[in-house]
Number of protein chains: 2
Amino acid sequence: MMTNVRIEALRKAMTDNKIDVYYLNTSDYHMSEYVPLHFKTIEYFSGFTGSLATLLVDQEKAYIFVDGRYHGQADKQCLENGVTVVKLGTAGALNPLEFIKENYAGKIIGLDGKRTSVSFGKKMKELGLKIRSKDIYSDLIENRIPLVSDKLFKLDDEYTGKTRKEKLNDLIYCLDGRTHLVNNLESIAYLLNLRGNDIVYTPVFLAYLVVYQNDVYFFIDLERLSSDILDELYADGIIIKPYKEYYSFLKTIRGETVILDENKVNFESYLSLTNRKNKFVHTISPVEEMKSIKNDVEIKNSIQAHIYDGVAMVRFLKWLDESDKEELNEYLVSEKLKEFRLGYKAFDLSFNSIVAVNANAAMMHYGPTAENNSPLTKDGIILVDSGGQYKEGTTDITRTIALGETSAEFKKHFTLVLKSMFNLSELKFMKGLVGKDIDILARKDIWEIGIDYRCGTGHGVGHVLSVHEGPPNIRYMHTEAGTELVPLKKGNIVSDEPGIYLEGKYGIRSENMLLVVEDELNEYGQFMKFKTLTMCPFDLRLIDKEYLDKKTIEALNNYHKEVYENLAPYLNEDEKEYLKKVTRAI
Amino acid sequence: MMTNVRIEALRKAMTDNKIDVYYLNTSDYHMSEYVPLHFKTIEYFSGFTGSLATLLVDQEKAYIFVDGRYHGQADKQCLENGVTVVKLGTAGALNPLEFIKENYAGKIIGLDGKRTSVSFGKKMKELGLKIRSKDIYSDLIENRIPLVSDKLFKLDDEYTGKTRKEKLNDLIYCLDGRTHLVNNLESIAYLLNLRGNDIVYTPVFLAYLVVYQNDVYFFIDLERLSSDILDELYADGIIIKPYKEYYSFLKTIRGETVILDENKVNFESYLSLTNRKNKFVHTISPVEEMKSIKNDVEIKNSIQAHIYDGVAMVRFLKWLDESDKEELNEYLVSEKLKEFRLGYKAFDLSFNSIVAVNANAAMMHYGPTAENNSPLTKDGIILVDSGGQYKEGTTDITRTIALGETSAEFKKHFTLVLKSMFNLSELKFMKGLVGKDIDILARKDIWEIGIDYRCGTGHGVGHVLSVHEGPPNIRYMHTEAGTELVPLKKGNIVSDEPGIYLEGKYGIRSENMLLVVEDELNEYGQFMKFKTLTMCPFDLRLIDKEYLDKKTIEALNNYHKEVYENLAPYLNEDEKEYLKKVTRAI
């Protein structure tokens, strides 16, 4: 094994700073799910390129902690760099916190408090661990990708349905004199009706917001704001300060009641506020709920965005059906799909497309690259999970598509997944239900044949923002933030995406976006239901009707009718004929 | 309005004790759901005979707080006694705690801390209310029903499957040096393998248990123990002290870590322990889980108890079918049913039978009495919710039975309720799921037609104990104790009882008991399923097959086949012929 000179340099910095163990994770300063490339620092030290990992370095050894998705990849990328892989989910594997408690009690643990959440930092403190929050790695990294400094752009009121001033006033009203720290980039973009390019696929920008008594402080570098936007912000009474001055500003806050979302605010923010007679209210940020409840204009636009997306998807499906499969590979297919979206109405994709043939589709987070991809096969299937960013909204859709023949078992599984998706989308339910209450509807038919999918059923989706936002969250499993226990509200947009994943064989997923709407109000209370936003056919060639009940057949036929009616006006004769055929009643 | 002399006496006692407002509730000293008649003290002061209420008395007025079940009854019984009825659930009605906060801030609130839970007392303290815990009412009550002083009886090891010593050792192991207070009567009866007659239908006895370091203190009056039981208890090293000495004993506990179930321990216990350097761990009592997980012997016995109960039920159904309905009323039917149970294997009923004709069945907690009951009708239905106490186990079953013709709408509703019951009982699910996760399966078909039932779907059932025990708890609604979030475990017994209740028209409920068992274990994890314990036919005359899917028809036919096979060996030829007919495949 080679000596890892980068880790050796880190060890020297640790010694210089009297740190025994250094903790590095994949987050940015804003607890983002997707992060700017600038924060791919674990890759620099360990070689690991995945999206989620923790690196622990002491003077003897270095450990990387990765979940099931990345067990093999981490072995391949990290072992040669002298990093031991801890495979989370396997027998005896401790998670980073347990590992630290077990091995480093009494030691000084170094970490970058700007990249760990308040809840993580507090947990470490509760375990009696000694923390030193200091960034000792940045100076060591050569040729680091700089932070993006592109100009922001405005999302006009015709798309947002609510002005910046209205949103801020709503928030301030709800704060009732208390101070609120916002680190979450989607929340800031939402509140300010601004968007940026700092993170691939998620149109946000690095900034902090402090809503301090009646003043709103916006921490962003001035050169990122056009004079028009600047004028607007000033007119709205927003005080602008450089991005870097956020932490020193926090140190001036004293004697306030601060609303702070432990999972969405970084630990350094919290440290900057403690010992200054501030009181803390730990709760989900009110902005989370504000942005998750789409207003009428956002809803109207989202419906349109999904029609645009459906048009691109239908053109893509037609192209794929008519192509000579053996000339294609997954990467070419994903590039072609991108062309259909960006060549029509989307300004970006909403995430890196998953285009996966047969056994590749069993890997939930597989993504082909120009270098690593599989050729399409004459028979079997291809799973395509993709989405677009439109000024009207954000889309996310999965279709599993026949390439040729498939087995009877595959059809059975495809049909049960489709039925499971409709089991959820067709539900009529009482107001007040949470994601945890309804998750089982998308699973029970799959459990019945002794199979499970190891992920949630549905996630919230932002409006021209991240394709993953919560609440709501449809899953029975416990999450740290507890979003599975937040009620589904009128105006929420959630995905509905059950699946079956058979390692080494195939993967199946069917995914539609659902809007939560009100149904009848009667003596029992307010009933709710879902309106399906996604407009794109399911592959009828993969259905075995034996596994469908009358209700699901009716739901499928109704859905396909609606798809045709919504998309036809945007299609040419050829495309319409194709769509008519693939949406025929069964 | 007459002057209420009893309340006037209470007011005088309040003045003597410097109490501004007195709070009285329907609980006993053990936070029991069903209480000894001795504790029907609200009835003495207000006239109210229902099972759940709160009485608040100040020098000017008296208020009784009752839920939806009792709005009418409280008006009838309390108004003439000068007590104002607060109808919980109606617009503007504050619950007792809110009411106290609103009206009596700064006043001295008197209450009997032995009859309120720790969580309630702590909530009052958190609201800054001034509490004086003192029983000032007992001395005022004339001719009060005394506490029961019958001898206890032993439940032999062949029924319990585990000796007293084993149970106590398991508990002590789990306490790990900490002290545990047990006020809950079911827990004490379970731990000691003893039963009593202190509460109607629930075979428990008034006692306290303190598991203090390695010693077990059992607070019960000596004359209630036979010499055999006494010898056994001494042999098991249990220290026996008089029931009344419990609180003074608590005052000797100092410097301990005390595990205390806030909802199951009375406030006085907590007050007796505070300011003595004790630390508290507030958690569900470990005994709750111990007794909810039935061991193999308890399971074998429970299966047998449900067969015995099924035999009694089938004889009852046959009798009812062959009777001249117009000669019967609900009370006579309930007496006859009692005869079938007690004349066979049951030593008691497990609760007061609900026998309700047509519109009466829409009242969820209706129970006929000799004085108040309705005659049976030629057409329509009768709902019978009943259960027995057997040495082998406790049963609880509901059947809705045709008296003659019923409407098409009724049949539709009956069929959907039956389908909903099977939707839940036929589920295969992953280990770790909680009641909240699965509740929706029993509701979704009912919600689909715009109806809901306003109660949980299923409750845990004790073993020769209370017919209601938790965890588990199948409901989506939040409960104070949070039992709906406790995982369903192998060996749990739960009810499955969806319903439709149309006020003034009819009520429908179908209820079976389910045992949680393991299903296959594979790469996805441990699957679980239910085994139905209840053995009794559903009324085929009420089914409209149009509303059943293939799966439910299969489940129903399989169930009826099993019912026949299990019960036939206990029946005579006539009864067998009847059962064969009513369990025929459809």
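In this text, all values refer to a predicted model and were calculated from it rather than measured experimentally.

Thresholds, definitions, all that
- Residues numbered from 1 in each chain as written.
- Chains lettered and ligands numbered in written order.
- Predicted model: local features only at pLDDT ≥ 70, side-chain atom pairs only at ≥ 80, totals over all residues.
- Heavy atoms only, no water.
- Helix = DSSP H or I, 4+ residues; strand = E, 2+ residues; numbered from the N terminus.
- Rg over C-alpha atoms; globule rule 2.2 N^0.38 Å.
- Buried < 20%, exposed > 50% of the residue type's maximum accessible area, 1.4 Å probe, protein only.
- Phe/Tyr/Trp six-rings, centres within 6.5 Å; stacked < 30°, edge-to-face > 60°.
- Lys NZ or Arg CZ within 6 Å of the ring centre and 35° of its normal.
- Pairing = 2+ DSSP bridges.
- Right-handed = clockwise from strand over helix to strand, strands pointing away.
- Axes fitted to C-alpha atoms, helices over the stretch in contact; angles between N-to-C directions.
- Parallel < 35°, antiparallel > 145°, perpendicular 65-115°, else oblique.
- Contact = heavy atoms within 4.5 Å.
- Nonpolar A, V, L, I, M, F, W, Y, C, P; charged D, E, K, R; others polar.
- Core = buried A, V, L, I, M, F, W, Y, C linked by side-chain atoms within 4.5 Å.
- Salt bridge = Lys/Arg side-chain N within 4 Å of Asp/Glu carboxyl O.
- Buried area = accessible area lost by both parts, 1.4 Å probe.
- Polar contact = N/O pair within 3.5 Å; in protein donor to acceptor, adjacent residues only side chain to side chain.
- pLDDT = per-residue confidence, 0-100.
- Patch = residues over 30% accessible without salt bridge, like charges linked within 9 Å, V, L, I, M, F, W, Y side chains within 5 Å.
- Areas by Shrake-Rupley, 256 points an atom, 1.4 Å probe, with all protein chains shown as cover.
- Lys, Arg positive; Asp, Glu negative; His and termini not counted.

Just checking my understanding: could you explain the overall build of chain A for this structure?
Helix and strand counts for chain A come out as 19 helices and 28 strands. Rg of the C-alpha trace for chain A: 25 Å, near the compact-globule value of 25 Å for 586 residues, within the 12% margin. Along the first, second and third principal axes, the C-alpha atoms of chain A reach 70 × 60 × 50 Å. A burial count over chain A gives 60% of its 586 residues as buried.

Can you walk me through unusual backbone geometry in this structure?
Backbone geometry follows two general trends: most residues other than glycine have a negative phi, and most peptide bonds adopt the trans configuration. Residues A:Gly470 and A:Pro471 are joined by a peptide bond in cis, for which omega reads -15°. For A:Pro471, the position within the fold is in strand β23 (residues 469-474). With an omega dihedral of 0°, the bond running from B:Pro471 to B:Pro472 counts as a cis peptide bond. Relative to the elements of secondary structure, B:Pro472 occurs in strand β23 (residues 469-474). Even without being a glycine, A:Asp176 presents a positive backbone phi close to 55°. Inspection of the secondary structure assignment puts A:Asp176 in the loop between α7 (164-175) and β8 (179-182). In this structure, B:Lys277 takes a positive phi of about 60° despite not being glycine. Since its relative accessible area comes to 71%, B:Lys277 is described here as exposed.

What am I meant to see in the packing of aromatic side chains here?
Centre-to-centre distance and the angle between the planes together describe a pair of aromatic rings. All names here are of chain A. Per the counting criterion, the structure on display carries 67 aromatic pairs over all chains. The lysine or arginine in question, lysine 167, covers the ring of tyrosine 190, its NZ or CZ lying 3.7 Å from the ring centre. If you follow lysine 580 out to its NZ or CZ, it ends over the ring of tyrosine 564, 4.2 Å from the centre.

Explain the pairing of strand β5 (residues 108-111) of chain B to me, please; I cannot follow it from the model alone.
A regular strand places its side chains so that they alternate between the two faces of the sheet. Residue and element names in this part refer to chain B. A two-sided burial pattern is seen for β5, the buried positions comprising Ile108 and Gly110 on one face and Ile109 and Leu111 on the other. The pairing of strand β1 (residues 21-25) with β5 spans three bridges and is parallel. Paired with tyrosine 23 across the two strands is leucine 111, which belongs to β5. Pairing geometry for β5 and strand β6 (residues 130-133), over four bridges, is parallel. What sits directly across from isoleucine 109, in β6, is isoleucine 131. Following the backbone out of β5, through helix α5 (residues 118-126) and into the adjacent parallel β6, one traces a crossover that is right-handed.

Would you take a moment to explain the packing of helix α18 (residues 550-567) of chain A against helix α19 (residues 573-582) of chain A for this structure?
Packed helix pairs are characterised by how far apart their axes lie and by the angle those axes make with each other. All names here are of chain A. For the pair α18 and α19, interaxial distance at closest approach is 9 Å and the crossing angle is 170°. On the basis of the axis angle, α18 is roughly antiparallel to α19. Between α18 and α19, the residues in contact are His560, Val563, Tyr564 and Leu567 and Lys576, Leu579, Lys580 and Val582, respectively. In terms of residue class, the contact of α18 with α19 is made up of five nonpolar, one polar and two charged.

For this particular structure, what's the right way to read the pairing of strand β25 (residues 499-502) of chain A?
Residue and element names in this part refer to chain A. Both faces of β25 are covered, namely the face carrying Gly499 and Tyr501 and the face carrying Ile500 and Leu502. Looking at chain direction, β25 and strand β26 (residues 506-509) are connected through four bridges and run antiparallel. Bridge pairing in β26 places glycine 499 opposite arginine 509. Remark: three residues form the turn of the hairpin made by β25 and β26, two consecutive strands paired antiparallel; glycine 504 in that turn has positive phi of roughly 80°.

Any chance you could explain the nonpolar core here in plain terms?
Among the nonpolar cores identified, the biggest contains 162 residues, and A:Phe316, A:Ile382, B:Phe316 and B:Ile382 are the most heavily contacted of them. Discounting residues that sit within four places of it in the chain, A:Ile382 has contacts with A:Leu320, A:Val333, A:Val355, A:Ala356, A:Val357, A:Leu376, A:Arg399, A:Thr400, A:Ile401 and A:Leu403.

When you look at the side chain of A:Thr479 in this model, what are you seeing that I'm missing?
Within the secondary structure, A:Thr479 sits in the loop between β23 and β24 (493-496). Contacts of A:Thr479, omitting those with residues within four sequence positions, involve A:Asn473 and A:Glu484.

What's the story with the packing of helix α15 (residues 408-425) of chain A against α18(A) in this structure? I'm lost.
Residues and elements named next belong to chain A. Running from N to C, α15 and α18 cross one another at 80°; their axes reach a closest spacing of 10 Å. Considering their axes alone, α15 and α18 lie roughly perpendicular with respect to each other. Residues Leu418, Lys419 and Phe422 of α15 pack against Thr552, Ala555, Leu556 and Tyr559 of α18. Its residues assigned to classes, the contact of α15 with α18 shows five nonpolar, one polar and one charged.

Got a minute to help me understand the environment of A:Gly121 in this structure?
Residues and elements named next belong to chain A. Tracing the backbone through its elements, the reader meets glycine 121 in helix α5 (residues 118-126). Linking glycine 121 and proline 368, residues 247 residues apart in sequence, is a C-alpha distance of 36 Å. In this structure, glycine 121 is in contact with Ile131 and Phe267, ignoring residues within four places of it in sequence.

How should I be thinking about the pattern of salt bridges in this particular structure?
A pair can form between side chains of opposite charge whenever their charged atoms are brought close. Scanning all chains against the criterion turns up 80 salt bridges over all chains. The closest approach of N and O atoms between B:Asp170 and B:Lys162, which form a salt bridge, is 2.6 Å. A relative accessible area of 34% means that B:Asp170 is categorised as partly exposed. Notably, a salt bridge pairs B:Asp379 with B:Lys378, separated by 3.8 Å at the nearest N-O pair. When salt bridges with common partners are traced through the structure, they connect A:Lys264, A:Glu288, A:Lys291, A:Lys294 and A:Glu469 into a single cluster.

Any chance you could explain the sheet that holds strand β20 (residues 397-402) of chain B here in plain terms?
Adjacent strands of a sheet pair through backbone hydrogen bonds, lying either parallel or antiparallel. Residue and element names in this part refer to chain B. What the three strands build is an open sheet, ordered β16-β17-β20; its pairing is antiparallel. Of all the strands in the sheet, just β16 (354-357) and β20 have a single pairing partner and so form its edges. Recorded for the sheet is a direction-independent mean angle of 10° between the axes of neighbouring strands. Note: strand β17 (residues 381-386) against β20, six bridges, orientation antiparallel. Residue pairing for β20: serine 386 is matched across the bridge by isoleucine 397. Across the sheet, helix α14 (residues 330-342) is in contact with β16, β17 and β20; its angle to β16 comes to roughly 145°.

So what exactly am I meant to see when it comes to the interface of chain A and chain B here?
In this complex, chain A contributes 29 residues to the contact, which on the side of chain B involves 29 residues. Interface area for chain A against chain B, summed over the two sides, is near 2600 Å², with a carbon-plus-sulfur share of 58%. Summed over the shared surface of chain A and chain B, the result is four salt bridges. Taken together, chain A and chain B are joined by eight residue pairs in polar contact (both at pLDDT 80 or more). Looking at the side of chain A that touches chain B, the elements that each hand over two or more residues are β21 (428-430), α16 (435-438), α17 (444-447), β25 and β27 (512-522) of chain A. Looking at side-chain class alone, the side of chain A that touches chain B contains 16 nonpolar, two polar and 11 charged residues.

Please explain the confidence of the model for chain A as it appears in this structure.
In this model, chain A carries a mean pLDDT of 95, and residues with pLDDT of at least 70 account for 100%. The ipTM, which scores confidence in the relative placement of chains, is 0.91 for this predicted complex, and the corresponding pTM is 0.93.

Would you mind going over a nonpolar patch on the surface with me for this structure?
All names here are of chain A. A cluster of nonpolar residues, Leu37, Ile145 and Val200, forms a patch on the protein surface that exposes about 260 Å² of accessible area. Examined against the element boundaries, leucine 37 turns out to sit in the loop between β1 (21-25) and α2 (41-46). The class of leucine 37 is partly exposed, set by a relative accessible area of 44%.

Teacher, can you tell me more about the side chain of B:Arg195 here?
Residues and elements named next belong to chain B. In this fold, arginine 195 is placed in strand β9 (residues 194-195). Glutamate 298 provides the closest opposite charge to the buried, unpaired arginine 195, separated from it by 6.2 Å. Within the structure, arginine 195 has its side chain in polar contact with the backbone oxygen of alanine 189 (distance 2.9 Å). From its side chain, arginine 195 meets the backbone oxygen of valine 464 in a polar contact 2.6 Å long. Residues in contact with arginine 195, not counting those within four places in the same chain, are Leu152, Phe153, Leu155, Ala189, Tyr190, Pro203, Phe205, His463, Val464 and Leu465.

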